[in-house]
Amino acid sequence: MVINCEIKFDQNPYGIYFAGQTLSGRAELRLAKPKKVKGVCLKISGYSHCHWTERQPRGTGPNKQQNRSANYIGREDYLWTTTYFLGSEEGNQLELSAGHHSYSFSCELPAHLPTSYEGTYGHIRYTVRLVLERPWKFDQSYKVAFTVLKPFDLNYDSPILRIPSQMELNKNFCCGPCRTGPFSIVASIPQSGFVSGQIISVSAEVTNMSTIPVDEMKFVLRKIVSYHSQTPTSKTKEEIVDIQERRVGGVSKNDHGRFLVSLPVPPVPPTNVNLCKVIHIMYEIKIEARLSGLHQNPYIRIPITIGTIPLNHSYPDPKCGFPHKYPTINTVSQPPITVQPVMNTLTQQEMIEAHDRASNDVPPTATNDASTIPTISTEGGATEQLTNIPNRTPIINPITDSGLRSSYQEMPPPSYEETVGGHRRIDDDEQHPIGHQLYAPRYPVYNFNGGGTSQMATESNSSGSGQRTAPSPEKILEKMEMI
């Protein structure tokens, strides 16, 4: 039996929402023949999940070499709703007629949701799933993912993000019983808070008074992801991903070297260390001196923070690192993302009123309360209001300094681009999916140098071995076995 299903989001082709906004759309189902079902339901879910396997020895004595696999799993749920358009889970068998069936849905997203993420050993994922529950048969389902962005305004984080950061390393190498002359690296960045699209200017000064030459200097922007399991025991697995890499010339023995390297920040998720218990995301810049011979390469690591809203006072010039003034962006309220880029349609007075209303709002403490239950309408045009969802402007990060309000509309909004990690399947846990679905979250990318997003993509693809080119969704689907 031919079944075709499609889920579309209202005025939001990429399915990108801020935490606290209202998710809405339509599920379109087309059947070539009548179908026996117990019910047709829509499930909206949001959760974080991680899983990895480790080999562990078991037994004692001569049997200790025998290994077994241990599965470590972690999960945290944020959102879960189920709405029946037809029938029920325990209802009688019904016949779903052939032809076109259309169902609309709406759901207010809680304000505390963490930003979407797809990683090697886990994900923070939000999905809309249409399920055909069949009597005495496996259920059939169609699922799409949407991106949730929890705004991270660098202006409201630690003031340390605004000031330059510097790290220093001093070392002496051993050559047999003797020690060489001193070796030092002094590395600095103009600030430690950045956003995607920004260029990080890294300055490094190397003093090599040893007898060991430095072949090359390596500068890497790294993402550090920590996965935390809950079963069978609490354990942490760390994954380090080289996002951008630059290699420059070395320093001869008894010589000095000074380097200035630019590392563009591609579309990546913001730093996340307290919104999710299962997955933590951090970033750092690693400056490594690659030595000749068998000596261990000395290196410096500078922690940085990636946000979604840039600092409003300055940003590093990509050529010289000197600060330049730039306007700020509206953080009071934005409509659902419809195209790239998205312009804010609220007036200044509406934004101030939205901030005043937000001061009395209380974040939701449960994910299955009345505010998250969808409204539905059937193909006949009848609409049923399942709950009274308040019609209010979502607040994503209220402005507390009235002096900043006038300048937050001046900066052009970002574009929203797919993450550099590539697409991943989201229906791998479904027994009988209706087609295969691929997904890659999108993150805000700012244009600081007027080159547009095409320049950003060119710089990202020109990086070293740490930057991998992800295959297109079409290439991935060609290799899949269609069920």
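What counts and how
Residues numbered from 1 in each chain as written. Predicted model: local features only at pLDDT ≥ 70, side-chain atom pairs only at ≥ 80, totals over all residues. Heavy atoms only, no water. Helix = DSSP H or I, 4+ residues; strand = E, 2+ residues; numbered from the N terminus. Buried < 20%, exposed > 50% of the residue type's maximum accessible area, 1.4 Å probe, protein only. Areas by Shrake-Rupley, 256 points an atom, 1.4 Å probe, with all protein chains shown as cover. Phe/Tyr/Trp six-rings, centres within 6.5 Å; stacked < 30°, edge-to-face > 60°. Core = buried A, V, L, I, M, F, W, Y, C linked by side-chain atoms within 4.5 Å. Contact = heavy atoms within 4.5 Å. Polar contact = N/O pair within 3.5 Å; in protein donor to acceptor, adjacent residues only side chain to side chain. Salt bridge = Lys/Arg side-chain N within 4 Å of Asp/Glu carboxyl O. Pairing = 2+ DSSP bridges.

J.: For the overall build of the protein, give the residues involved together with the corresponding values.
T.: A count of helical and extended segments in the protein gives four helices and 29 strands. In the protein, which comprises 483 residues, the share counted as buried stands at 51%. Here the protein displays about 23,100 Å² of accessible surface, and carbon together with sulfur accounts for 50% of that area.

J.: How would you sum up the environment of Q198? Please name residues and give values.
T.: By the secondary structure assignment, Q198 is in the loop between β15 (193–195) and β16 (199–208). Overall, the relative accessible area of 2% leaves Q198 in the buried class. Residues Q198 and F448 lie 250 residues apart in sequence; the distance between their C-alpha atoms is 6.5 Å.

J.: Pulling in residues and values, what's your account of unusual backbone geometry?
T.: T231 connects to P232 through a cis peptide bond whose omega is 0 degrees. Its location among the elements puts P232 in the loop between β17 (214–229) and β18 (235–251). Unusually for a residue other than glycine, Q11 sits at a positive phi of about 50 degrees. Its identity is not glycine, yet N254 carries a phi of approximately 55 degrees, on the positive side. Structurally, the position occupied by N254 is in the loop between β18 and β19 (255–264).

J.: Give me the packing of aromatic side chains: which residues, what numbers.
T.: Counted by the stated rule, this structure contains eight aromatic pairs. Centre to centre, the rings of F9 and Y17 are 6.0 Å apart; their planes meet at 70 degrees, and the pair counts as edge-to-face. In this pair, the class of F9 matches that of Y17, namely buried. Between Y17 and F146, the ring centres sit 6.2 Å apart and the planes meet at 90 degrees, which makes this aromatic pair edge-to-face. Of the two residues, Y17 sits in strand β2 (residues 16–18) while F146 sits in the loop between β11 (140–145) and β12 (147–149), which places them 129 residues apart along the sequence. Note on F146: relative accessible area 0%, which makes it buried.

J.: Tell me about the nonpolar core, and please be specific about residues and values.
T.: Counting 79 residues, the largest nonpolar core has V128, F146 and I200 as the members making the most contacts within it. With seven residues, the single largest contributor to this core is strand β20 (residues 279–291). When residues no more than four places from it in sequence are discounted, the contact partners of F146 are F9, G15, Y17, L23, I44, L109, S116, Y126, T127, V128 and Y439. Among the nonpolar cores identified, the runner-up in size contains eight residues, and L161, I309, L311 and Y446 belong to it.

J.: Would you mind going over the side chain of Q191 in detail, with residue names and values included?
T.: With respect to the helices and strands, Q191 occurs in the loop between β14 (178–189) and β15. For Q191, the side chain forms a polar contact with the main-chain oxygen of G193, separated by 2.8 Å.

J.: For the pattern of salt bridges, give the residues involved together with the corresponding values.
T.: Note that side chains of opposite charge can pair when their charged atoms are close. By the definition in use, this model includes 15 salt bridges. E216 is the partner of R247 in a salt bridge, and the nearest nitrogen-oxygen pair spans 2.7 Å. With a gap of 31 residues between them, R247 in strand β18 and E216 in strand β17 connect regions that are remote in the sequence. By relative accessible area, R247 is classed as partly exposed at 40%. Between E245 and R247 there is a salt bridge whose closest N-O contact spans 2.6 Å.

J.: Can you tell me about the pairing of strand β1 (residues 3–9), naming the residues and giving the values?
T.: Burial along β1 is one-sided: I3, C5, I7 and F9 are buried, and none of N4, E6 and K8, which face the opposite way, are. Both β1 and strand β3 (residues 22–31) contribute to a ladder of seven bridges, which runs antiparallel. Paired with I7 across the two strands is A27, which belongs to β3.

J.: Can you explain the environment of A145? Please cite residues and give values.
T.: The residue A145 is located in strand β11 in this model. Through-space distance from the C-alpha of A145 to that of I44 is 9.7 Å; in sequence the pair is 101 residues apart. Excluding residues that lie within four positions of it along the chain, A145 makes contacts with F9, Y126, T127, I426 and Y439.

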